Protein chains: 2
Amino acid sequence: MATLDELRAQLARGGQNLRAYLAEIPMADYLHVWSELTGEEEIAIFSSLSPEARVDLMSSLPPRNQELLITDLSGESARHVLEEMEPDDLTDFIQTVSPEVREAVWGRLTPDARDETRFLLRFDEDDAAGIMTPRYLAISANQTVAQALAWVRRNAVEPETIYNLYVLDGVKRLIGVVSLRELLASDDQDRVSAIMNRRVISVREDTDQEEAARTLETYDLSALPVVDTHNRLLGIVTFDDIIDVIREEQTEDVHKMAAMTPSTDRYMESSVWDLVKKRVPWLAVLLLAATLTTNVLSGFESVFVAATVLTLFIPTIIGTGGNSSTQASTHIIRSLATGEVHVRDIGRVLGKEITVGVLLGLAMGTLVFARSLLLPPPVSVLQAATVGIALAAVIVVATTVGAFSPMLISWIGIDPTVVAAPLMATVIDLAGLTIYFLTARALLGL
Amino acid sequence: MATLDELRAQLARGGQNLRAYLAEIPMADYLHVWSELTGEEEIAIFSSLSPEARVDLMSSLPPRNQELLITDLSGESARHVLEEMEPDDLTDFIQTVSPEVREAVWGRLTPDARDETRFLLRFDEDDAAGIMTPRYLAISANQTVAQALAWVRRNAVEPETIYNLYVLDGVKRLIGVVSLRELLASDDQDRVSAIMNRRVISVREDTDQEEAARTLETYDLSALPVVDTHNRLLGIVTFDDIIDVIREEQTEDVHKMAAMTPSTDRYMESSVWDLVKKRVPWLAVLLLAATLTTNVLSGFESVFVAATVLTLFIPTIIGTGGNSSTQASTHIIRSLATGEVHVRDIGRVLGKEITVGVLLGLAMGTLVFARSLLLPPPVSVLQAATVGIALAAVIVVATTVGAFSPMLISWIGIDPTVVAAPLMATVIDLAGLTIYFLTARALLGL
């Protein structure tokens, strides 16, 4: 990997040397330090690239950087770059730039590119159709293998992939698919109709991107056809776009788990206000829910006034309860998401988790009992036992609730990633405090 | 999608009807209900499948189910299924089954398959070489395009992909790569040496799987060559295996975030003991860290004995502090993982997060102040103000620590996903309680 310093040294040399250097190193080498470069450096690199490398780089950059480069290019160079970008990348670009840049870009597109872009802009960007390219290779069922192969060779450059050939009827309906491999493995005089696979796996234009990703994964496809309600082929989604969808889905899930409104906006490009908006709603809901603990605690005021030492363990009890419910719920939520566990497995899951909870409870209860006796602050054996027993009980309840809530929420039909954490945090805090002070009342006779 | 009931109705019909039905529906239809089937039903379906479908199904099932099916098959059928499985799938299978089954399977392999499996078993299963297949298509630099194409057509069936052709020298060193598309787009009499790409993107055998995934993604490759230290080609990793790696990585990250030892074992196949082992170490570490709050609280005993109402807000203060640090740290950890944020951005990140913390603190402080005055339990204005001001300060500190810790941990060179959560939970609890009681002392004059 080239370092930023190395790149800057080459930038200083400039001219022919810079061009030769950039032609030698892979694009990822300057792409991964792009955010470090000044606007001038970005333009210096971009203008030293070959025309093809410019297109590749443009397609790989985030919108803000694309905008800078395209507005700096002369009319002719901009036209070339825009013409060569994949139609799906171009559409994304046009959707995200500022209105002024959009207008300037639109004026430089060829009539064909405008038509293609207009077609793609019709679809929702979160649907399968929002990430498809209309550049696929179609053949007809009554062609021979030799004819189809000759057609592929004549059209090998333009489509996004030539490794899947889609067989369309007279009205563009998708009736079969042949891989280039099958075509090559067949005899020249065979008909496409004889070798094509008629059971085509496809998705509808309004299929959610993430569902499209799962379909491509299940069938190990390298490209997935997107059809309209009449089964007419609109375009194809390729595996590289699906990998992007999986990465974005991953980011969204992680954000949801941390009680934030999910988004795939890049951190460094988000304003302070964007960040606040993403976090404030959940933080407020969780805060209001947490204040219910105030009410529960005030019900037990007489208990901890009588034995203030009990107060000292409040954070430990509810913190550990929270940790064990998070462990259980995360495990279950993830297993539900990957399809390893189904809602109907609830009996077996609960059986397992309750047993796990009891074992964890015994271990942690013993640990906290020993710790309380051995280390300061000083507590009596009975007080240490109270904390140990209460903690064990809290862990059993927390593990069970942690496993049960996501299954219940998913059975109702809601995504457990969003709702489980805040709901559980509240339930566990309230239940934990109640268990703790009830145990104290019983054991310490308060 | 076929439902379980539909599948069972067809199973009851059996014989020719079942075979015709299974030939019609896609494999995913019975694969997604496989865990619901009895052993007998599994075998009935398996034995009604075409030989190719058996191989596909076997390669897609988890090890436990593979074992059941393979032990039930007669010698000849088992031999066929094993022979047709992809070498990487077969190696995985052999690594996971019980020793008795392994021995029986080994006895049924052809000498070639044994050699291939022995070769693959040499590599670590977490490395790039652990997921590669040795079945690639190699050509030589001085072939013409026509010769290379004829070679591809004669060998179109066996390799895992024929869409990337690897150019090897006399001692199997990887000197170039040509896509089938480039080959098809070139003239028949061109030499491979003239059209091949000499800057081959490859990974070393001991490259971590996840790094291999990132390389394939960055360059939008459909297959990634794996080479040894002498640049000799060992095998290739294809995009479908990379998608599996990304999914597994996702599961591991989610587990780490919830303070569990990461693993990709399937939940339903994990024993209670597996689950306990995964959770107990972190739970114990977090518990011991949490008990430090006991010591901090005992230092402030005089404060909350004088105003027991302060005790009521302990869970709210530390809970909200925990939530805001989780939000900040998750956002930063994820952005570090995707490469959007680098350790060197620390100045800008901290500037942003401190501002966000102040805004969130003001909002939440006001909210908890209003809530305390308006709803029971009854508190004085000064007490409500203490809670509000302390909460605001805790949120500023928690957000800052939440953003700073993962950057610091990653700068040291440790994966922040594992260490950040427990470390921060402890720091925030201790800092939160200290801030709260210091504020109380100052404002309430205790």
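For the structure itself, consult the block above.
Note that the structure is predicted; figures quoted are calculated from it, not measured.

Enquirer: I tried to follow the packing of aromatic side chains on my own but got confused; where do I start?
Expert: In this description, an aromatic ring pair is defined by two values, namely the gap between the centres and the angle between the planes. Under the defined criterion, the tally for this structure stands at 12 aromatic pairs over all chains. Aromatic rings pair up to connect A:F300, A:F304, A:Y436 and A:F437 into one cluster. Above the face of the B:Y267 ring, A:K352 is positioned so that its terminal group lies 5.2 Å from the ring centre.

Enquirer: I keep staring at the relation of the copies chain B and chain A and nothing clicks. Help me out?
Expert: The two chain copies are related to each other by a rotation about an axis together with a translation along it. For the pair chain B and chain A, the relating rotation is 180°, the translation along its axis is 0.0 Å, and the fit reaches an RMSD of 0.1 Å. Both copies are brought into coincidence by an operation consistent with a two-fold rotation axis.

Enquirer: So what exactly am I meant to see when it comes to the sheet that holds strand β2 (residues 164-168) of chain A here?
Expert: Sheet strands line up and pair through hydrogen bonds in the backbone, either parallel or antiparallel. All names here are of chain A. Taken in spatial order, the three strands of this open sheet run β1-β2-β3, and their pairing is mixed. Each edge of the open sheet carries a strand with a single partner, namely β1 (137-139) and β3 (174-179). Within this sheet the neighbouring strands show an average axis-to-axis angle of 35°, counted without direction. One ladder, built from three bridges, connects β1 with β2; its direction is parallel. Along β2, the bridge assignment pairs L137 with L165. Its contacts with the sheet place helix α11 (residues 145-154) against β1 and β2, and it is angled at close to 155° to β1.

Enquirer: For this particular structure, what's the right way to read unusual backbone geometry?
Expert: Note: most residues except glycine have negative phi, and most peptide bonds are trans. All names here are of chain A. Here the bond from P376 into P377 is cis, since omega is 0°, no more than 30 degrees from zero. Its place among the elements puts P377 in the loop between α20 (346-374) and α21 (381-412). With a phi close to 65°, K172 is a non-glycine residue in the positive phi region. One can find K172 in the loop between β2 and β3. With a phi close to 65°, N231 is a non-glycine residue in the positive phi region. With respect to the helices and strands, N231 occurs in the loop between β5 (223-227) and β6 (233-238). For N231, a relative accessible area of 30% corresponds to the partly exposed category.

Enquirer: Would you mind going over helix α21 (residues 381-412) of chain B with me for this structure?
Expert: An α-helical segment advances 3.6 residues per turn. Residues three or four places apart therefore align on the same side. Over its 32 residues, α21(B) runs 46 Å from end to end, which matches the ideal 46 Å to within 8%, given 1.5 Å per residue. Downstream of α21(B) by a residue or two, B:G413 has a phi angle that is positive, lying close to 105°.

Enquirer: Before we go on, may I ask you to explain the environment of B:D188 in this structure?
Expert: Note that B:D188 resides in the loop between α12 (180-185) and α13 (192-195). Sequence separation of B:D188 and B:A128 is 60 residues, and the distance between their C-alpha atoms is 35 Å. If near-sequence neighbours (up to four positions away) are discounted, B:D188 is found in contact with A:R153, B:T144, B:V145, B:A146 and B:L149. At 3.0 Å, the side chain of B:D188 forms a polar contact with the side chain of A:R153.

Enquirer: Help me out: how do you make sense of the side chain of B:T293 in this one?
Expert: Looking at the secondary structure, you find B:T293 in helix α17 (residues 292-299). Note on B:T293: relative accessible area 1%, which makes it buried. Sequence-distant contacts of B:T293, defined by excluding residues within four places in its chain, comprise A:L312, A:P315, A:T316, B:D429, B:L430 and B:L433.

Enquirer: Just checking my understanding: could you explain the pattern of salt bridges for this structure?
Expert: Working definition: two side chains of opposite charge can pair if their charged atoms are close together. Under the criterion given, the structure shown has 26 salt bridges over all chains. The salt bridge involving A:R153 is made with B:D188; its shortest N-O contact spans 3.0 Å. Within this pair, whereas A:R153 is found in helix α11, its partner B:D188 is found in the loop between α12 and α13, the two belonging to separate chains. Looking at B:D188, the relative accessible area reads 36%, which means it is partly exposed. Across the salt bridge formed by A:E249 and A:R214, the nearest N and O atoms sit 2.5 Å from each other. Placement of A:E249 in helix α15 (residues 239-257) and of A:R214 in helix α14 (residues 209-218) is noted, with a sequence separation of 35 residues between them.

Enquirer: What's the story with the sheet that holds strand β3 (residues 174-179) of chain B in this structure? I'm lost.
Expert: All names here are of chain B. The mixed open sheet is built from three strands, whose spatial order is β1-β2-β3. The sheet terminates laterally at β1 (137-139) and β3, the two strands that pair on one side only. Across the sheet, the mean angle from the axis of one strand to that of its neighbour is 35°, orientation sign disregarded. In the packing of helix α11 (residues 145-154) onto the sheet, the strands contacted are β1 and β2 (164-168), and the crossing angle to β1 comes to about 155°.

Cut-offs applied
- Residues numbered from 1 in each chain as written.
- Chains lettered and ligands numbered in written order.
- Predicted model: local features only at pLDDT ≥ 70, side-chain atom pairs only at ≥ 80, totals over all residues.
- Heavy atoms only, no water.
- Phe/Tyr/Trp six-rings, centres within 6.5 Å; stacked < 30°, edge-to-face > 60°.
- Lys NZ or Arg CZ within 6 Å of the ring centre and 35° of its normal.
- Least-squares fit on C-alpha atoms with pLDDT ≥ 70 in both.
- Pairing = 2+ DSSP bridges.
- Helix = DSSP H or I, 4+ residues; strand = E, 2+ residues; numbered from the N terminus.
- Axes fitted to C-alpha atoms, helices over the stretch in contact; angles between N-to-C directions.
- Contact = heavy atoms within 4.5 Å.
- Buried < 20%, exposed > 50% of the residue type's maximum accessible area, 1.4 Å probe, protein only.
- Expected span 1.5 Å × (residues − 1).
- Polar contact = N/O pair within 3.5 Å; in protein donor to acceptor, adjacent residues only side chain to side chain.
- Salt bridge = Lys/Arg side-chain N within 4 Å of Asp/Glu carboxyl O.

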